[in-house]
Structure formats: structure tokens, C-alpha cells
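Remarks on the overall topology
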There are 2 protein chains.
Amino acid sequence: MGASLLHAAVTLLWLAATTGFLDPTRRDQLMRQEASRQTGGGVALTPAEQRLDNRLHRMKVHEMEAKPFPPSIHFFKAKKLIRDSPIFKLLQDMPKGGALHIHSSSLVSAEWLVKNATYRPNCYVCFTWDNSVRFVFSQQQPYPRWDCFYWQLLSTLRAKVADQSAFDASLLKYLTLVTDDPDGEYPNQDVVWDKFEKTFIAAEGLISHAPVMKDYLLEGLSELHRDNVMYLELRSQLARTYELDGTIHDRIWTLRIFQDVTRKFVADHPDFVGARMILSVHRASSASKVKAAVEEALALRREFPDVVAGFDLVGREDRGSPLWYFRDALSLPARRGLDLPYFFHAGETDKEGTETDQNVLDALLFNASRIGHGYALAHHPLAKEISRLGQVAVEVCPISNQVLKLVSDLRNHPAAVLMSEGHPLVISSDDPSMLGTTGLSYDFYQAFVGIGGLRANVGTLKELALNSIRFSSLPPNLKDAAKVVWQKKWDSFVSAHS
Amino acid sequence: MGASLLHAAVTLLWLAATTGFLDPTRRDQLMRQEASRQTGGGVALTPAEQRLDNRLHRMKVHEMEAKPFPPSIHFFKAKKLIRDSPIFKLLQDMPKGGALHIHSSSLVSAEWLVKNATYRPNCYVCFTWDNSVRFVFSQQQPYPRWDCFYWQLLSTLRAKVADQSAFDASLLKYLTLVTDDPDGEYPNQDVVWDKFEKTFIAAEGLISHAPVMKDYLLEGLSELHRDNVMYLELRSQLARTYELDGTIHDRIWTLRIFQDVTRKFVADHPDFVGARMILSVHRASSASKVKAAVEEALALRREFPDVVAGFDLVGREDRGSPLWYFRDALSLPARRGLDLPYFFHAGETDKEGTETDQNVLDALLFNASRIGHGYALAHHPLAKEISRLGQVAVEVCPISNQVLKLVSDLRNHPAAVLMSEGHPLVISSDDPSMLGTTGLSYDFYQAFVGIGGLRANVGTLKELALNSIRFSSLPPNLKDAAKVVWQKKWDSFVSAHS
């Protein structure tokens, strides 16, 4: 086994080192040995990649001297600095592989929702007492609801307001967490999660309108593609959608639309390899509801094997039930000898030692294929080893963790530990709409410059991108095909920038 | 080798687990196996310790629900909350072993400096243009200096001011970093380090007055003893001291005084086992100055083997030269076949991948006995293994790291990773004066409640306290004697609180 050999080697090196510490060659060996363990540390660089690496290193040294250093401050304040960063521009051009952790209600930039969806005819808005909004498309004045009494036709309202762009900006504020004063506005996790959940509810009325849904999914794929992302695994609770006349489509309709839109997009963009869904249910649900969701996921996976990648539980982990509470439901596929890959959110918490914190180990016991966030994994040594041995990759979403107040300075993100050890991991964006990002480049920037520090290099970037194919749910033949497409794009990226 | 066996066991358990994940017994085994790895995870608790542990666990659950959770906010804001915490009160009573990482210029509470030292006759003060102060004891009006033109006799000045306690509070502000608005006052590391260095200079004029020095060292030991700390290793640059008549004592005088004061204190307090010094030089010094300091340390260790524990380089790591720069000086003892234990500050940085960051590996290559801070160690996997194999303990100083802006929420302190793996570590307070703490209880609180989370238990506390004896520089016979004294105190602590 590799690990024990490594341990023995370390002992020897250590003994040798302590008697021969003046030898610069031995020191270099140790430094190289340590560097070789990090993500991408085993990647051999071509001469062109080496040139790019030298460039990137110089850019990073320069960037680390900047005050403030963007990854050390809140993303909402850093965003402008990041957009101006030459490293960021380079990362935008880089083929980043797949986005494996994005939620369907937060896939598309909120600007699109405001500028496109809310400008469609028959769109009504209602401002709620708790400082949120609801949208609905309707042929006639919508009925008052418990949470919304006074509905206004948006086109009429817009005609009345003097400053339309200010009005649109105000709508935008309901649909994202973005603010100039994140520390003041979100003093703690409860407040930011409360607002976070409200933005989901606000967006829902727009997205679940069937015609919007089609365009929304298409726009989502386009935004990823524009950011040089070639594949998507989308967590979705499969909302039911509605037509203007009140017709309600069942959840399978959404799955079919997703399949259609993806097929069409792939046909139009041969360098985009596809999109799949991870069916999800809220972790605040009852055990019986989760059981029904598992049953449904099994059925839908049988019916749509190309689309349904697996299953997950979503929502704020500290508030919902832990995975172990749902053990009866989650062990159902195995008891029946059926296969349902799990992609559990686990350890998106800083409450060390609680039941929630225990989710990282339980996710592995339930044989998860990947772990969402795994923020707590770094201080679960056994779970970490199991995850590594089983190559259960961690989906790291740096900006989400910062905005949701798990960590302020991203250099302290626990993925720094995982990255230094070459733990299997991928970078994703979680909720681009709500977090004010698009594609994966912002999160790659934070992972590469902040979490990875000066040590992260072109090999790291290459491995992170390839990991997103390797650890995707794609079948082996499609993985191979995706790698070929990616390599071609990578080569031209390297030659353009080296 | 233990580690490889462990790895194999993990693999087996993992394989077993994935086919038998519904078995709660197996899950419990895994959870227990993981918990057994943490600091104190192997400590078998007596029935009384178990009762204390149950109490502490309930107190911690309660404390974790508090908003704000003290370890998650800046210590200067949390201090009041911590003082009211029943866990803190318990930790004050706990015999904590030794304080292995404290700097001599910041040993005693600043209140003592103001209330005692500045009230002595012949104390002059001068307010500098850069918002600092200088003190000097003198029989006549001190001469103007480049940094201080206008010296005032403090007793005269105090007679003039209306509100003496407000005046004393204003003096206190020059001698500590404490402020109600740490985020506003210290926007970044440079600003806080600048102020930090000024407080050292301000205190120096008081402490280096020979009569104050004697009382200061005695007060330092007393404060530790009152906080149930029984041993001290003090980092000191061995300031030269002065008498009122202008006589200057050489540095050996300070060493002798330290020895005398300690002997007397130990004689008066049989449950205090002693104090030693780690001779230090500033890392901004030239290579030749460091070499001279190493030579001097070797000589003083020969002359005062009971007092001189070893050698270190101090000052802001990011600004001084890296250890490797001083390789010629640092390898001098080994080249001569002499023994000079090293207790290097290493990795007190968040600049991953820089030369400073490399200090953690170099400290080990230079055969360090312990590592000061080691903040960067968690993402140096090879250095971490060497440190573990060689039992090179890390001196964790949580409050210092937070105040000096390496981390804001102490739950994200990298020692959480080390603690979960049972890495050899001790807790210390770095600079009690400047940080507004006294003894070790505040830092133990942060380590136990913040860094350790719900998982840290009585076994953790016991191991941390015992570690401070085990990893001290005391010879084996004195370690054994110290353990006997500690165990007696521990037993009565446990029986009083269980």
C-alpha cells in the first residue's frame, strides 16, 4: 500500500535529514517531496505549460502583495479586484472541465432573471411583509395568497417608476445575497441563511414558469459554456412548472425539458459534452418523504439513465436532520440490490462534534460517490482516509462557504489542507445567481490564489479540471471522450497563454 | 510501524463498512476509532473524570448555542463573555501544567505595569510623535533623545490631571493591543504588527529598570501560579537593565536575577516546579549577529544549564529572514558536536508557499525540539509527519494568532486539524500583557471550546496539560517530579468539580 511505503520513506528521510541538515540537496529533495503531494504535484508539465507556470507564478507573487489581497476579504468586496486580475482573466480562458455542484434554482445570473424573465408579459410581482418578493406569470390578476396580498403587473409598475434601472437593481437585490456591506447586513450565519432561503423562494416564481424554465436552462448552459465549462451536474428538486393558463406540469416534464435543452445545446456546441441531474430533496423533510424521494429517484434513474446521475439531500445542514436520521430511506437501494449513486452535502458546518458534523463519516458509510462541501472533513482524520482510499472526491465551493460565513479569509479554508495532501477534490460554484458569480472562474480564482497560495501551479489547475471529469458521474466511455475534448481545448489554451 | 497498520485497518473497516453500513455497531466503532485519534482520545477516564466530562459536555453544548459564540468573534470583544463562562471558571481552576511559549517583555499583565511600575518614584514618561510612549527611571530630568524630546515626571503629571484612572487607562492603551474596536483599529496585519512592536518598545523602559525587572519576573511567576500554571519557559532576548544612578547591568545579570527569583518563588510555592529561558534573537538581525547569539547561547547554557533551555529567533516571521538564511549560524552547534535545543517560531504566517512558509520544514531540518505557532504546519503534510514522528510539539497560541489577524473565527484555526489527529501540541499565551490575557486559561478556553469543538473533552484537557510537561525542556527526572505534583493537583481539581 502506497501510504505505508510513504511513511517508511519519510522516516528514513527524516533520520537522514536530522544528521545531514546542512545539505541543500537533501533539503531540496524534501521540499520537492512535499510539493509532489499536493493537488497536481504529480503532473509533469510540458515546456509550454512550464512557461505558462512561470508567468502565472510571477503574476501570483504580484497579486499576493496587493492590499487588500482579494481572497482575504469578502467576495462581494473582492469581486471588482478579482475581475481586474490578470490571473482571473487567464482562468476565464482556461477549460475548467465540469461544474459538479450547482443548484438548479441558482444556476443563471440574477441579471438574466431581472432583464429577461421579469420583462416578459404577464409577470406579476408582490412585495411581502418580510422584505422579500414573489413573482407569478398569470393571464389575470393573481388571487391574494397568505404571503402575498397585493399583486402588481410588472409592466404597469415599471411604466410608473421614474428610474427603471434603479428599479431593476432593487429587484436584483431580492434575488441575490450581493450587497456592499456584507458584514453589516449579515452579522451571522442565521441572518445570511435566512436571506439566502428568501432569494430561492423569490426566484422560484420566475423559474417555475414553464416557458422561462426552458430558456433558463439554456441560459445556464450558455453561461457555463461562455466560461469554458464543458459539463454540468445540476442538483435539482425538480420543481413542478406552470403555464400561463394555469396548467401544471409534473416533475418529469422538467426532467424531459432538461434533457431536450441539453441535447440541443450539445448539438449546437460540440465542445460541450452534456449535463446530468442529481435529484434532491430538502433535508428538513420527514423520513417518509425522503423515502418517497429515494423511490422516485430510483424510478427516474431507470427511466432516464442518461440524465439522472444520483441523489442528494439539500438545505442548511445545521438545521435539517443528519444523514443517519434517514438511514432507512438511504439504505433502501442497497437492500433491494439497486444502484443509486449518492452525492451528499456533508460537513457544510463549523459545529465540530455535532450530529451534523458527523455527516461526513455517514456520507461515506452510505457509500457516497462524492461529498458536497466537506468543509468539516479536514478534521475528521478517519473519514478523510476513507474518502481518499475510496476516491470519494470533495466538491469545494469556496465563495459559497465564505458568503455563508463559514470562513472569512479564504487562506484559512480547510481545503488548503486537503489540497496540500492531494486529496481528491473538484471546484464548484454552488449558487452562482445568489452569490453573484457566473461559471467557475471566480471559484477557481479563490481556490488557486487563496486556498492554494503560491504553491498551487499549472499542474494544480490541470488536475482540478481533469478531476471534474474523472469524478463526474459520466460512464467511462463518455469520460474518455470528454477528456479528449478537454485536452484539445487545454492545449490551445496553453499555447495561447504561454 | 503504527501508521501503516492503522492504514490497513482503515481499509478493512472501510470495506466492511460499505457492505454493512446499516449496522449501528459498526458505525459506532468507526466513530469511536476516529475520536480515539484526537488529542486525549486515548486517555482512559476515571469515574470522577467521566462525571466531570459529562458536566463539561453539557456546559459546552449550552455555550455553543450562545450568540455570539465567543471563539467566533474577536477576543477583545469575547473577553467579557469568556470571563462569565462557567467553562472558563473551571479552566482557571484546572492545573494546566507549563506555559512553554511566552515572551519576556509581555509576561506580566499591563495593569501591573501601570499600577505598580509607573507609580514608582523617578518614573518619567514621554509621548512620541508616532503615538507611542517611552518610560525611563532617572534621578534627574532625562536628556532629550531622537525619539523623545520632552520628558515629564509621571508623579508631577499625575498630580496635574483631574481623572487619574482615565489617565492610567490611557497609559494602558500604549502597553497593550486591547481596544473596543479591533476591526476598525487594526484593518490588516501590518497595522496590528506595527502597534504590537510599539507596545514592546513602550514597555521596555519600565521592564529594563533593574528594580522593576526583579519584581516583574516575580509578578510574572505569581500570575501564572494564580492561574494554576506550574512551570514556565520564557523566551527572552536578555535585555540589559539599568539602575537609577545610570549603572548598566550586563545581560548575565538578568539571567541571574531570573534564576534567583525563580528559586525563591519555587521555595515559597512548592507546587510551582520552576522556570527556564529560551534565549532569543530578533530574526531581522544580520547573519553575523545571529551567529554571535548562537555562540552566546552555547556559552550561557554551559554556565547556566538549569536555566537556559535553548534558542529561538523572534519577531514577525513574514518580515525577518527565513531560518534557512541563518543556516550557517544554526548548524554551528552540531558542527562542533555541541547541543543547543531549538524552539523555533516557524510558520506563523498565512503566506502559503513563500520562504517564510518554508520555515516549518526548515525548523525540523535544524532538529527543533518544538515549533512555535506552526500555524502553517497543517498544510505541510511532510513536515507534519516529521513533526509527529519526531514528537516535535507545536506550541499553539490561539488568541495571539487571532489578534495578529491570521484567523478571525477560531473554529477555523488549523490546530483543529492537528488536534483531530492527536498531533503533539501544547497551548500557550505568547504575549499576555499585549493581548490582555493572564495565565493560560483564556487560551485553553479557545483551544478547548473553539478549536476543539464539542469533541474535545476531559481527556483532551488532561493530555494538553500533560503535554506541557512531556514536551518541556526539563530533564527526565524533573519531568517525573512535575508529573507527580500535577497529578495530585489534577485529582483534587477533578474531585472538586465532578
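Look up a bit, the structure's there.
Quick summary incoming for the structure in this document. (Residues numbered from 1 in each chain as written. Chains lettered and ligands numbered in written order. Predicted model: local features only at pLDDT ≥ 70, side-chain atom pairs only at ≥ 80, totals over all residues. Heavy atoms only, no water.)

Our next topic: the overall build of chain A. On a plain count of helices and strands, chain A comes out with 23 helices and 13 strands. Radius of gyration (C-alpha) of chain A: 23 Å, near the 23 Å computed for a compact globule of 498 residues. Residues classed as buried in chain A amount to 61% of the 498 residues present. Counting only contacts in chain A whose residues sit at least 6 apart along the sequence, the fraction spanning at least 24 positions is 76%. Per element, the accessible surface of chain A, about 18600 Å² overall, is 55% carbon and sulfur. Distance from the positive charge centre (56 side chains) to the negative charge centre (58 side chains) of chain A: 2 Å. (Helix = DSSP H or I, 4+ residues; strand = E, 2+ residues; numbered from the N terminus. Rg over C-alpha atoms; globule rule 2.2 N^0.38 Å. Buried < 20%, exposed > 50% of the residue type's maximum accessible area, 1.4 Å probe, protein only. Contact = heavy atoms within 4.5 Å. Areas by Shrake-Rupley, 256 points an atom, 1.4 Å probe, with all protein chains shown as cover. Lys, Arg positive; Asp, Glu negative; His and termini not counted. Charge placed at Lys NZ, Arg CZ, Asp CG, Glu CD.)

Residue and element names in this part refer to chain A. Using the criterion set out here, one finds 28 aromatic pairs over all chains in the structure. A network of ring pairs unites the aromatic residues F75, F76, F88 and Y442 as a single cluster. Its guanidinium or amino end placed over the ring of F448, K60 lies 3.5 Å from that ring's centre, counting from NZ or CZ. (Phe/Tyr/Trp six-rings, centres within 6.5 Å; stacked < 30°, edge-to-face > 60°. Lys NZ or Arg CZ within 6 Å of the ring centre and 35° of its normal.)

Attention now goes to the state of the cysteines. Residues and elements named next belong to chain A. If you walk through the whole model with that rule in mind, you get two disulfides over all chains. Through a disulfide, C126 is tied to C148; the S-S separation comes to 2.3 Å. Here the S-S torsion is close to -110°, and the disulfide linking C126 with C148 is therefore left-handed. Taken as a pair, C126 in strand β2 (residues 123-127) and C148 in the loop between β3 (133-137) and β4 (152-153) lie far apart in primary sequence, 22 residues in all. Given a relative accessible area of 0%, C148 falls into the buried group. Sulfur of C123: no disulfide; nearest cysteine sulfur belongs to C126 and is 12 Å away. (Disulfide = S-S within 2.5 Å.)

Let us look at the relation of the copies chain A and chain B. Superposing chain A onto chain B requires a rotation of 180° together with a translation of 0.0 Å along the rotation axis, leaving an RMSD of 0.0 Å. The superposition operator between the copies reduces to a two-fold rotation axis. (Least-squares fit on C-alpha atoms with pLDDT ≥ 70 in both.)

Turning our eyes to something else, we now look at the side chain of R455 of chain B. Examined against the element boundaries, R455 of chain B turns out to sit in the loop between α21 (441-451) and α22 (458-470). The class for R455 of chain B is buried, based on a relative accessible area of 18%. Those residues in contact with R455 of chain B, other than ones at most four positions away along the chain, are E352, G353, D357, H379 and H380 of chain A together with Q38 and S420 of chain B.

All names here are of chain A. Spatial ordering of the open sheet is given by β3-β2-β4, a layout of three strands whose pairing is antiparallel. Since the sheet does not close on itself, it has two edges, and those belong to β3 and β4, each with one partner. Relative to β4, β2 runs antiparallel, the two sharing two bridges. Paired with V125 across the two strands is Q152, which belongs to β4. Against the sheet, helix α10 (residues 189-207) contacts β2 and β3, and its axis sits at roughly 10° relative to β3. (Pairing = 2+ DSSP bridges. Axes fitted to C-alpha atoms, helices over the stretch in contact; angles between N-to-C directions.)

Attention now moves to the interface of chain A and chain B. Facing 69 residues of chain A, the contacting portion of chain B comprises 69 residues. Note on chain A versus chain B: buried area summed over both sides is about 6200 Å², and carbon and sulfur give 62% of it. The interface formed by chain A and chain B holds twelve salt bridges in total. Where E352 of chain B meets R455 of chain A, a salt bridge forms, and the shortest distance between an N and an O atom there is 2.9 Å. Linking chain A with chain B are 25 residue pairs in polar contact (both at pLDDT 80 or more), by the criterion used here. Listing elements by their share of the side of chain A that touches chain B, those giving two or more residues are α1 (2-19), α2 (24-37), α15 (332-335), α16 (359-365), α17 (381-389), α19 (415-420) and α21 (441-451) of chain A. At nine residues, the largest contribution of residues to the side of chain A that touches chain B is made by α1 of chain A. Among the residues making up the side of chain A that touches chain B, the classes are represented as 31 nonpolar, 19 polar and 19 charged. (Buried area = accessible area lost by both parts, 1.4 Å probe. Salt bridge = Lys/Arg side-chain N within 4 Å of Asp/Glu carboxyl O. Polar contact = N/O pair within 3.5 Å; in protein donor to acceptor, adjacent residues only side chain to side chain. Nonpolar A, V, L, I, M, F, W, Y, C, P; charged D, E, K, R; others polar.)

Residue and element names in this part refer to chain A. P68 follows K67 through a cis peptide bond whose omega is -5°. Residue position: P68 is located in the loop between α3 (47-64) and α4 (75-84). If you check the backbone angles, N122 has positive phi at about 70° while not being a glycine. The residue N122 is located in the loop between α6 (110-115) and β2 in this model.

Residues and elements named next belong to chain A. Most of β3 sits out of view: five of its five residues are buried. On β3, burial covers both faces: V133, F135 and F137 on one face and R134 and V136 on the other are all buried. Note that β2 and β3 share five bridges and pair antiparallel. Bridge pairing in β3 links C126 to R134. The turn linking β2 back onto β3 is made up of five residues, and N131 within it adopts a positive phi angle of 65°.

Turning our eyes to something else, we now look at the sheet that holds strand β2 (residues 123-127) of chain B. Strand order in the open sheet formed by three strands is β3-β2-β4 (chain B), and the pairing between neighbours is antiparallel. Only two strands of the sheet have a single neighbouring strand rather than two, namely β3 (133-137) and β4 (152-153) of chain B.

Our focus in this paragraph is the packing of helix α3 (residues 47-64) of chain B against helix α23 (residues 476-497) of chain B. All names here are of chain B. Between α3 and α23, whose axes approach to 9 Å, the crossing angle comes to 55°. On the basis of the axis angle, α3 is oblique to α23. Handedness of the crossing formed by α3 with α23: left-handed. In contact with A48, E49, L52 and R55 of α3, α23 contributes W490, F493, V494 and H497. Per-class residue counts for the contact of α3 with α23 are five nonpolar, one polar and two charged. (Parallel < 35°, antiparallel > 145°, perpendicular 65-115°, else oblique. Left-handed = near helix turned anticlockwise from the far one by under 90°.)

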